[in-house]
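Here is how the chains run, residue by residue.
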Amino acid sequence: MSEIPAKATESEDPSEGARARAADGLASAVGGALAADGVRTGDAMWQSSPPGSIYDYIKVASFSIGPDGLVEQWSLRAEHLFGIPADRAVGMDPIEAFIDPRHRERGMRKMAEILDGREWTGVVPFRMPRGVEGECGHEGLAEVYVMPTRTEEGEKAAVCIVVDVRTLRSIETDLAASQAIFSQSPFGFLLIDPDLRVRRVNQRFASIFGGGPDDHRGRGVHDYLQRGEAERVAATLRRVLETGSSITDMHVTGFVPGSDERRHWSVNLYRVHSGSGRPIGIAWLGIDITARRAAAREAAAARRNLALLNEAGARIGNSLDLETTARQLLDVVVPGFCDLATVDLYQGLLAGDETPPGLADGSGELRRVAFASAVSDAPFAGTGVPVAVGAVHHYPFNSPCADALRTARPQTVPGEDGGLVQSTLAVPMVAHDTVVGLVQFARTKGSEPFGERDRDLAVELAARAAVCIDNARLYRREHERALILQRSLLPPGDPEASGLDIACRYLPGSVNTGRPSEVGGDWFDVIELPGHRTALVVGDVMGRGLRAAVAMGELRTAVRTLAQLDLEPAEVLSQLDEIARGLGAPGGVQQATRAARRPREADLSEVYLATCVYAVYDSVTRRCTFANAGHLPPVLVEPGEQALMLDVPPGMPLGVGGEPFEEVEVELPEGALLALYTDGLVESRDHPLDEGLQAFVSALSAPAHPSPGHHPSTTALRADSSQYLEDVCDHVLNTLDTHHGEDDIALLMARVQGLPTESVGDWTLPREPRSVGRAREYARAQLLAWDMEPLVDTTELLVSELVTNALRYGEGEIRLRLLLDRTLVCEVWDSGLVQPRRRRARDTDEGGRGLQLVGLLSAAWGSRRTPRGKTVWFELPLPGGDTTLTDPAEALLSLF
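Residues numbered from 1 in each chain as written. Predicted model: local features only at pLDDT ≥ 70, side-chain atom pairs only at ≥ 80, totals over all residues. Heavy atoms only, no water.

Chemist: Explain the pattern of salt bridges to me, and be specific about the residues and the numbers.
Modeler: One pass over the structure, following the stated rule, counts 38 salt bridges. Across the salt bridge formed by Arg217 and Asp214, the nearest N and O atoms sit 3.2 Å from each other. Judged by relative accessible area, Asp214 falls into the exposed class, the value being 57%. Residue Arg623 pairs with Glu667 through a salt bridge whose shortest N-O separation is 3.2 Å. Here the residue Arg623 occupies a position in strand S24 (residues 623-629), and Glu667 occupies one in strand S27 (residues 663-667), the gap between them amounting to 44 residues. Among the residues examined, Glu667 registers a relative accessible area of 45% and is labelled partly exposed. The network of salt bridges with shared partners includes Arg533, Asp566, Arg817, Glu827 and Arg864. (Salt bridge = Lys/Arg side-chain N within 4 Å of Asp/Glu carboxyl O. Buried < 20%, exposed > 50% of the residue type's maximum accessible area, 1.4 Å probe, protein only. Helix = DSSP H or I, 4+ residues; strand = E, 2+ residues; numbered from the N terminus.)

Chemist: How would you explain the packing of helix H9 (residues 290-315) against helix H10 (residues 322-333) if you had to name every residue and give the values?
Modeler: Between H9 and H10, the shortest axis-to-axis distance is 10 Å and the interhelical angle comes to 155°. Our classification of the angle between H9 and H10 gives roughly antiparallel. Considering the relative orientation of H9 and H10, their crossing is right-handed. Residues Leu308, Glu311, Ala312 and Arg315 of H9 lie in contact with H10, whose contacting residues are Gln328, Asp331 and Val332. (Axes fitted to C-alpha atoms, helices over the stretch in contact; angles between N-to-C directions. Parallel < 35°, antiparallel > 145°, perpendicular 65-115°, else oblique. Left-handed = near helix turned anticlockwise from the far one by under 90°. Contact = heavy atoms within 4.5 Å.)

Chemist: Before we move on, could you go through the nonpolar core and cite the residues and values that matter?
Modeler: Residues Leu329, Val333, Phe337, Val343, Leu345, Met429 and Phe441 are the most contacted members of the largest nonpolar core, which totals 48 residues. The leading source of residues in this core is helix H13 (residues 452-489), at nine residues. Once you skip the residues sitting within four places of it in the chain, Val343 turns out to touch Ala326, Leu329, Leu330, Arg367, Arg368, Val369, Ala370, Met429, Leu438 and Val439. Grouped together as the second largest cluster of nonpolar side chains are 29 residues, Leu529, Leu555, Tyr608 and Leu654 included. (Core = buried A, V, L, I, M, F, W, Y, C linked by side-chain atoms within 4.5 Å.)

Chemist: Before we move on, could you go through the pairing of strand S33 (residues 860-866) and cite the residues and values that matter?
Modeler: With seven bridges connecting them, S33 and strand S34 (residues 869-877) associate as antiparallel partners. Along S34, the bridge assignment pairs Trp861 with Phe874. Adjacent in sequence and paired antiparallel, S33 and S34 are bridged by two residues. (Pairing = 2+ DSSP bridges.)

Chemist: Which residues make up the side chain of Ser319, and what are the values?
Modeler: Among the structural elements, Ser319 can be located in the loop between H9 and H10. Of note is the side chain of Ser319, whose polar atom sits 3.1 Å from the backbone nitrogen of Asp321. Beyond its immediate sequence surroundings of up to four residues, Ser319 is in contact with Thr324, Thr325 and Gln328. (Polar contact = N/O pair within 3.5 Å; in protein donor to acceptor, adjacent residues only side chain to side chain.)

Chemist: Just give me the short version of the environment of Glu667, but keep the residues and values in it.
Modeler: The spatial distance from the C-alpha of Glu667 to the C-alpha of Asp618 is 9.6 Å, given a sequence separation of 49 residues. Setting aside anything within four residues of it in sequence, one finds Glu667 in contact with Thr621, Arg622 and Arg623. At a separation of 3.2 Å, a polar atom in the side chain of Glu667 contacts the side chain of Arg623.

Chemist: Explain the packing of helix H14 (residues 546-564) against helix H15 (residues 569-583) residue by residue, including any values.
Modeler: Following both chains from N to C, one finds H14 and H15 inclined at 150°, their axes separated by 10 Å at the closest point. For the element pair H14 / H15, the angle class is roughly antiparallel. You can see that H14 and H15 cross each other, and the crossing is right-handed. Residues Ala551, Glu554, Leu555, Ala558, Val559 and Leu562 of H14 form the contact with H15, whose participating residues are Val572, Gln575, Leu576, Ile579, Ala580 and Leu583. Among the residues making up the contact of H14 with H15, the classes are represented as 10 nonpolar, one polar and one charged. (Nonpolar A, V, L, I, M, F, W, Y, C, P; charged D, E, K, R; others polar.)

Chemist: Quick rundown of the packing of aromatic side chains? Include the residues and the values.
Modeler: If you walk through the whole model with that rule in mind, you get 13 aromatic pairs. Ring centres of Phe209 and Tyr224 lie 5.2 Å apart, and the angle between their planes is 80°; on these two criteria the pair is classed as edge-to-face. Of the two residues, Phe209 is situated in helix H7 (residues 203-209) and Tyr224 in the loop between H7 and helix H8 (227-243); the sequence distance between them amounts to 15 residues. Taking the relative accessible area as the measure of exposure, Tyr224 reaches 13% and is therefore buried. Look at Tyr677 and Phe696: their rings are 4.7 Å apart centre to centre, the planes differ by 65°, and that puts the pair in the edge-to-face class. Taken together, the positions of Tyr677 in strand S28 (residues 673-677) and Phe696 in helix H17 (residues 689-704) put the pair 19 residues apart, joining distant regions of the chain. Residue class for Tyr677 comes out buried when judged on its relative accessible area of 1%. The ring of Trp829 is capped by Arg864, whose NZ or CZ atom sits 5.6 Å from the centre of that ring. (Phe/Tyr/Trp six-rings, centres within 6.5 Å; stacked < 30°, edge-to-face > 60°. Lys NZ or Arg CZ within 6 Å of the ring centre and 35° of its normal.)

Chemist: Explain the sheet that holds strand S20 (residues 500-507) residue by residue, including any values.
Modeler: Read across the sheet, five strands follow the order S20-S29-S28-S25-S26 without closing on themselves; strand pairing throughout is antiparallel. Each edge of the open sheet is held by one strand with a lone partner, namely S20 and strand S26 (644-645). Looking at chain direction, S20 and strand S29 (residues 745-752) are connected through eight bridges and run antiparallel. Following the sheet pairing, Tyr506 is matched in S29 by Ala746.

Chemist: Now, about the sheet that holds strand S21 (residues 520-529): what can you tell me, with residues and values included?
Modeler: With antiparallel pairing, the five strands of this open sheet are ordered in space as S21-S22-S23-S24-S27. Each having just a single partner strand, S21 and S27 make up the two edges of the open sheet. For this sheet the average axis-to-axis angle between neighbouring strands, irrespective of direction, equals 15°. Pairing of strand S22 (residues 533-544) with strand S23 (residues 610-618), which is carried by nine bridges, proceeds in the antiparallel orientation. Note that in S23 the partner of Ala535 across the bridge is Val616. In the packing of H14 onto the sheet, contacts are made with S21, S22 and S23, and the angle to S21 comes to roughly 15°. In the packing of H15 onto the sheet, contacts are made with S23, S24 and S27, and the angle to S24 comes to roughly 25°.

Chemist: Can you tell me about the environment of Leu689, naming the residues and giving the values?
Modeler: Within the element layout of this structure, Leu689 appears in helix H17. With relative accessibility at 27%, the residue Leu689 sits in the partly exposed group. When the C-alpha positions of Leu689 and Asp679 are compared, they lie 8.0 Å apart, and in sequence the two are 10 residues distant. Once residues lying within four places of it in the same chain are set aside, the contact partners of Leu689 are Leu632, Val682 and Glu683.

Chemist: Any chance you could break down the pairing of strand S30 (residues 760-765) for me, citing the residues and the numbers?
Modeler: Burial along S30 is one-sided: Gly761, Trp763 and Leu765 are buried, while Val760, Asp762 and Thr764, pointing the other way, are not. Two strands pair when backbone bridges link them, and S30 and strand S31 (residues 814-820) are joined in this way by six bridges, in the antiparallel orientation. The residue of S31 that forms the bridge with Val760 is Leu819.

Chemist: Describe unusual backbone geometry, listing the residues and the values that go with them.
Modeler: In the segment running from Val334 into Pro335, the intervening peptide bond is cis, with an omega of 0°. Position of Pro335 relative to the elements: it lies in the loop between H10 and strand S14 (340-346). Unlike most non-glycine residues, Ala408 shows phi in positive territory, near 60°. Residue position: Ala408 is located in the loop between helix H12 (400-407) and strand S17 (411-414).

Here is the structure:
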């Protein structure tokens with residue numbers, strides 16, 4: 001041993017000094033033990049099971065040296081430290097056994113000094129002695145404290161206490177590291193004893209809760225947290241102390257001194273043990289997560305708002321109804337965004353007013369169209385007197401709601417004392433720089449108050465709903481305009497026809513559903529033709545909206561024009577087909593005809609297609625001629641028979657072109673029902689066409705049979721024929737699925753009431769001059785028989801003119817026919833093909849005034865082609881009607 005660090009002291013009586021120190025150490029140890037056990041002796045506490053000791057961590061051993069310098073006693077800790085049992089160690093020379101040969105000489109000198117009564121402290125390198133099998137043990141470094149003693153015989157001896165320096169240096173390093181971590185940690189660090197009292201805190205914790213680290217010693221969780229939170233945390237601490245299970249990321253809420261802000265901490269807890277494994281307390285590591293919680297709340301609020309906006313985009317605006325759109329907004333925000341909400345729209349907006357809604361001061365009349373509540377069904381009273389849904393009201397000029405409407409900016413309205421509402425956001429609904437209404441979002445007391453983010457979200461939701469409501473308003477306006485246009489193009493009132501009782505129904509697609517939808521192109525018409533004939537028309541323009549309604553109007557006008565030309569039904573449809581093709585071409589029919597010869601490359605949106613059935617009924621013969629352009633077949637119900645669909649060749653729809661149309665002539669029995677209709681009556685999304693047609697036929701067959709025990713006479717049926725047809729129409733609409741609202745429905749029903757034989761006068765005249773006089777005689781006799789004496793003179797004059805023209809310009813035999821129904825019609829037939837042409841005679845002309853005279857004296861006149869020539873006719877009103885007869889003398893004088 002070259003040098004052994006040492007510290008030696010010597011007293012006058014070494015043995016007395018050693019005894020004194022030993023006594024002091026024993027007293028201290030015993031006092032500490034008693035203190036641990038809770039038995040107080042003087043100022044010391046006796047403790048038998050200390051919670052922890054430094055000796056649990058460092059390697060300390062003791063042994064004694066006898067007067068001969070050999071080991072006399074060997075402790076158990078010495079056995080653990082050096083790995084040598086006591087029976088082997090006793091009697092060994094410690095210098096020879098543990099000291100390296102290079103240091104033995106110095107060791108011998110120190111041993112002599114020790115046995116001479118000197119204390120010695122120093123660091124000694126040592127090595128383990130050879131084992132039983134001869135192997136050499138490892139080397140070590142020990143700090144030795146030698147205290148001189150005396151044996152019972154008074155001989156000098158020594159007690160040695162040995163500490164493993166390497167273990168001590170490791171503990172010292174760990175202690176320094178622990179101290180650095182504890183004191184320099186940016187997180188709050190606490191050590192809590194088994195009594196749940198603070199043993200130690202770091203500077204970070206003390207800086208948050210005030211004072212120094214020593215000021216917190218002995219405190220409990222109730223000194224830092226409110227009662228409920230403190231009890232929860234204390235229960236968790238006990239569980240950790242009892243079970244040893246660690247707690248990770250336990251959220252603790254509380255306040256720090258001098259601040260009213262609620263703070264949040266994430267706390268990790270784990271049980272702390274002594275070196276021997278005995279639990280000695282709990283470690284508390286706390287991290288302030290207030291900012292993180294706020295950021296998390298902000299992120300959650302942003303996600304919630306985004307989800308709410310996504311839901312609003314998906315749910316709001318699916319309907320073009322104003323009230324439905326308002327309710328959809330409230331379905332989105334209640335209860336996800338607020339507890340109560342209302343929507344008020346300007347009354348002028350709902351009434352279809354074209355002027356900007358509301359007044360400049362924000363106090364215009366509004367109607368409450370929607371209300372929703374997650375807490376109560378009572379009327380919303382967040383901003384004044386409760387207003388029921390559907391009620392019209394206005395806000396006072398100085399009210400926040402009026403200010404919001406006036407400035408187009410949201411206003412926050414605090415709740416009333418003692419009321420349910422905590423606060424209300426009054427947000428104007430602005431679309432295209434126009435305020436259309438006001439939506440109010442309210443939260444009840446106890447809910448989180450509205451923040452700036454909530455305010456922005458409310459504005460966005462109101463703006464989206466406002467755009468949808470404004471779109472619905474514009475659509476409603478266009479829909480109403482199209483509907484007005486469509487209705488204006490349909491026959492006004494109840495149409496009348498000779499030899500027919502007419503009943504009709506027209507239902508726009510939105511009437512039965514309450515939902516606004518685009519108008520369709522369905523139409524029907526009843527056109528009176530010469531000779532007490534009637535044209536019945538039902539058609540359907542493919543497509544919807546204003547475009548379809550305009551196309552329907554153009555086709556209907558064309559049908560009426562062509563009908564007045566008295567063309568055959570097939571020819572009428574051929575001309576309509578050309579017109580329909582011209583509707584989609586910029587150059588009209590001719591351009592469309594040229595385009596039809598080339599490959600079609602036009603936009604399909606400019607193609608007008610329509611279906612139409614055109615029928616001409618002659619009340620004298622009760623024969624009806626049908627032509628069909630892709631439309632559904634007419635249905636006929638003969639008296640006492642089941643309804644059946646007439647076999648009319650469908651043909652191609654109008655606008656396709658290239659295919660001729662066929663005609664079918666059917667004789668209709670007296671009292672038969674004829675039904676023309678559009679596909680909206682018999683087809684819907686839930687009911688296929690075949691099923692709908694069968695249901696329609698069955699519905700028409702049911703009213704055709706009288707109820708059991710009831711057999712009305714023919715006279716009674718005729719007297720009440722109009723009401724009967726109305727009942728049949730109602731029965732059909734109530735029986736079929738007419739409430740789908742997917743398409744318009746047009747239904748035209750006619751009951752056959754042929755012209756009686758006694759109301760027809762028919763004569764054939766030879767081609768000779770005497771036929772003119774005979775014609776006048778036949779006409780006079782027939783009119784007198786009909787008690788139509790006021791019409792005799794005028795009729796004779798006009799018949800004479802028409803028969804004279806037939807003799808002069810016509811061919812073949814002449815036929816005269818008088819028809820009496822709602823008016824008097826006179827027809828003159830001949831085989832000539834040349835149509836009469838009215839011209840203005842000059843003052844010097846002796847003739848050429850016959851047709852002028854016919855035009856002056858008759859209510860209407862004209863000519864038409866027939867399969868065997870032509871017919872010239874005129875019509876006179878019956879006496880007693882609204883139309884007065886023209887005096888023949890005055891008419892003759894007016895020609896000159």
